[in-house]
Amino acid sequence: MRRQSLALLPLFAVLALGCGDSPTTPPGIDATRGGVPAKAGPRKVVKFATFNASLNRNFPDQLMSDMASGTDTQAQAVAEIIQRTRPDVLLVNEFDFDAGGVSMQGFQDNYLSVPQNFSGQGPTQPIVYPFRYSAPSNTGIHSGFDLDRSGTVVDNPGPFRFDHAGDAFGFGTFEGQFGMAVYSMYPIDVATIRTFQLFVWADMPGANLPVDPGTGMSFYTDEELEVFRLSSKSHWDLPIQIGNKVVHFLVSHPTPPVFDGPEDRNGTRNNDEIRFWADYVIPSRSGYIYDDNGMYGGLTGELFVIAGDQNADPFDGDSFPGAAQQLLDHPLINTKATPASAGGVEMAGQGPPNDTHVGDPAFDTADFSEAAFGGPGNLRADYVLPRRELSIRDSGIFWPTSSDPLFPLTGPGFPAVSSDHRLVWIDVQVPGS
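An account of the accompanying structure is given in this report. As the structure is a prediction and not an experimental result, all values here were calculated from the model.

An ideal rise of 1.5 Å per residue puts 22 Å on 16 residues; helix α6 (residues 265-280) measures up with 23 Å between its terminal C-alpha atoms. Within α6, 16 of the 16 residues are buried, which leaves it mostly tucked inside the rest of the structure.

On to the environment of Asp360. Among the structural elements, Asp360 can be located in the loop between α8 (342-347) and β11 (366-367). Residue Asp360 is classed as partly exposed on the basis of its relative accessible area, which comes to 38%. When the C-alpha atoms of Asp360 and Ala340 are compared, they prove to be 9.2 Å apart, with 20 residues separating the residues in sequence. Within the structure, Asp360 has its side chain in polar contact with the backbone nitrogen of Ala362 (distance 2.9 Å).

For Gly243, the location among the structural elements is in the loop between β8 (235-242) and β9 (245-252). Along the chain, Gly243 and Gly432 lie 189 residues apart, while their C-alpha atoms are 8.5 Å from each other. Leave out the neighbours within four places in its chain, and Gly243 touches Lys44 and Ser433.

Evaluated as defined, the whole model comprises 19 aromatic pairs. Here Tyr220 and Phe228 contribute two aromatic rings whose centre-to-centre distance is 4.8 Å and whose plane-to-plane angle is 45°, an arrangement assigned as tilted. Using a relative accessible area of 5% as the deciding quantity, one classes Tyr220 as buried. Linked through ring pairs, Phe196, Phe199, Phe276, Trp277, Tyr280, Tyr288, Tyr290 and Tyr296 together constitute an aromatic cluster. The aromatic ring of Trp425 is capped on one face by Lys47, whose charged end is 4.2 Å from the ring centroid.

Phe48, Ile82, Phe107 and Phe249 are the most contacted members of the largest nonpolar core, which totals 63 residues. For Phe48, the contacting residues outside a window of four places in its chain are Val89, Ile242, Val247, Phe249, Val305, Val384, Val424, Trp425, Ile426 and Val428. Membership of the second largest hydrophobic core comes to 36 residues, among which are Phe199, Met204, Tyr220 and Ile282.

For the rest of this paragraph, the subject is a nonpolar patch on the surface. Residues Phe59, Phe160, Phe162 and Phe171 make up a contiguous nonpolar surface patch of roughly 440 Å² in combined accessible area. The topology assignment puts Phe171 in the loop between α4 (162-165) and β6 (180-184). The class of Phe171 is partly exposed, set by a relative accessible area of 45%.

A few words on the sheet that holds β9. One open sheet accounts for five strands, arranged β7-β8-β9-β10-β13; its pairing is mixed. Because the sheet does not close on itself, it has two edges, and the strands there are β7 (194-195) and β13 (382-386). In terms of strand pairing, β7 meets β8 through two bridges, oriented antiparallel. Residue pairing in the sheet places Arg194 in a bridge with Asp237 of β8. Here α6 sits on the sheet in contact with β7, β8, β9 and β10 (303-309), set at roughly 45° to β8.

On to the side chain of Glu263. Mapping Glu263 onto the fold places it in the loop between β9 and α6. A polar contact of 2.7 Å, which involves the side chain of Glu263, links it to the side chain of Arg265. Other than its neighbours up to four places away in sequence, Glu263 contacts Pro210, Val211, Pro213 and Phe219.

Take the pattern of salt bridges next. Side chains that differ in charge, positive against negative, can pair when their charged atoms come close. Using the criterion set out here, one finds 11 salt bridges in the structure. With its nearest N and O atoms 2.8 Å apart, the salt bridge here joins Arg149 to Glu224. Pair noted here: Arg149 is in the loop between β5 (131-134) and α4 and Glu224 is in helix α5 (residues 222-227), with a separation of 75 residues, a long-range link. The class of Glu224 is buried, set by a relative accessible area of 5%.

This next bit is on the packing of helix α1 (residues 62-69) against helix α3 (residues 102-112). Close contact between α1 and α3 brings their axes to 7 Å; oriented N to C, the two are set at 20°. The angle between α1 and α3 places the two elements in the roughly parallel class. α3 is crossed by α1, and the crossing has left-handed handedness. Across the interface between the two elements, Leu63, Met64, Asp66, Met67, Ala68 and Ser69 of α1 pack against Val102, Ser103, Gly106, Phe107, Asn110 and Tyr111 of α3. Partitioned by chemical class, the residues of the contact of α1 with α3 number seven nonpolar, four polar and one charged.

Note the cis peptide between Pro352 and Pro353, where omega equals 5°. Residue placement: Pro353 occurs in the loop between α8 and β11. One non-glycine residue, Arg86, lies in positive phi territory at about 55°. Tracing the backbone shows Arg86 in the loop between α2 (73-85) and β4 (89-95).

For Thr139, the location among the structural elements is in the loop between β5 and α4. The exposure class of Thr139 is buried, given its relative accessible area of 0%. A polar contact is formed between the side chain of Thr139 and the side chain of Ser137, at a distance of 2.8 Å.

Quick notes on the rules
- Residues numbered from 1 in each chain as written.
- Predicted model: local features only at pLDDT ≥ 70, side-chain atom pairs only at ≥ 80, totals over all residues.
- Heavy atoms only, no water.
- Helix = DSSP H or I, 4+ residues; strand = E, 2+ residues; numbered from the N terminus.
- Expected span 1.5 Å × (residues − 1).
- Buried < 20%, exposed > 50% of the residue type's maximum accessible area, 1.4 Å probe, protein only.
- Polar contact = N/O pair within 3.5 Å; in protein donor to acceptor, adjacent residues only side chain to side chain.
- Contact = heavy atoms within 4.5 Å.
- Phe/Tyr/Trp six-rings, centres within 6.5 Å; stacked < 30°, edge-to-face > 60°.
- Lys NZ or Arg CZ within 6 Å of the ring centre and 35° of its normal.
- Core = buried A, V, L, I, M, F, W, Y, C linked by side-chain atoms within 4.5 Å.
- Patch = residues over 30% accessible without salt bridge, like charges linked within 9 Å, V, L, I, M, F, W, Y side chains within 5 Å.
- Areas by Shrake-Rupley, 256 points an atom, 1.4 Å probe, with all protein chains shown as cover.
- Salt bridge = Lys/Arg side-chain N within 4 Å of Asp/Glu carboxyl O.
- Pairing = 2+ DSSP bridges.
- Axes fitted to C-alpha atoms, helices over the stretch in contact; angles between N-to-C directions.
- Parallel < 35°, antiparallel > 145°, perpendicular 65-115°, else oblique.
- Left-handed = near helix turned anticlockwise from the far one by under 90°.
- Nonpolar A, V, L, I, M, F, W, Y, C, P; charged D, E, K, R; others polar.

Following this line, the structure appears as structure tokens:
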């Protein structure tokens, strides 16, 4: 049952008149890359993407300042990557939230709307997203409990206050750090957006709640479980109007499955944050889910695209066993084509533990530090996964090789000038649009 009262959360959305139009598919084209033959008549091909752009900062107002300046080199590199890949609908993970949307507007006006040339390969074409959305994140919101078992309850947020961050509902030294933002060429139906920031983890049937291996008892107390939220940031269901069809953009950013102890509290939470969407899209499994307005249930056959930094590799790294497979093996999800890059293959030679990884490095989406620096190496962490009725026309990962003129945008290693993650995209054909 629900363990806390729900209230309508303050939401932020920026809307503008007009809508970017994606190319249409000529009649009779055979969508051979993970799809089905196209029926007669034009259909929209829409590029969905996710990018953990690492546009997080150490101070609450720092991102607003950087986005206003137009001169932040990291933001310039991130913007050039977006301009070169040109997604129609884009999730940006690790974009600090501010209630007025100042940072989102600043990134659009001073970076995306401006030709970029960080790579030195000539100015890019600006890209303008008429529709944008962001909302509060659980990061930095104090729980009132000693969730990290440091021995003290620290409710004093501030720069580098990691003791506070560990006791927050989502790791963050201030509210909204590591938030999310969505940019879209297509209208977002704000009236029907659903957010799940307040959903309590223990309200998930069969939740993988962490257990103290020494005692066999629950790692968290009953009082903590009454309020402990599942989402480390939030889960959003954003209905995107594409022609006469609606595609639900299901976005999130589960916690990394590390930085914990033998109880694996972050690994189990990561697993269940991923499971949330796996349940949400199947009516027989979603009845327990409630949103921040108190409405229960999930999707009932609608089109969807799941996107985000899931922080789970299907083969390598430290995620809970089978976490990523909850989506990759899902009966309603189209995985007939996997985004890939040549840069990921090249960077697999950076050293251990990459040389012992099982997964195909072409599918890696993140260039984490290697074992010598305590890191897991390169992993597949970021996903864009459409419902099976959305045929995949093309897909990719923006990860140039060292011989590519665009390599300065991501290379030469960790940490990259832009982000330790790569932009991942798919082109899907929306039926009947």
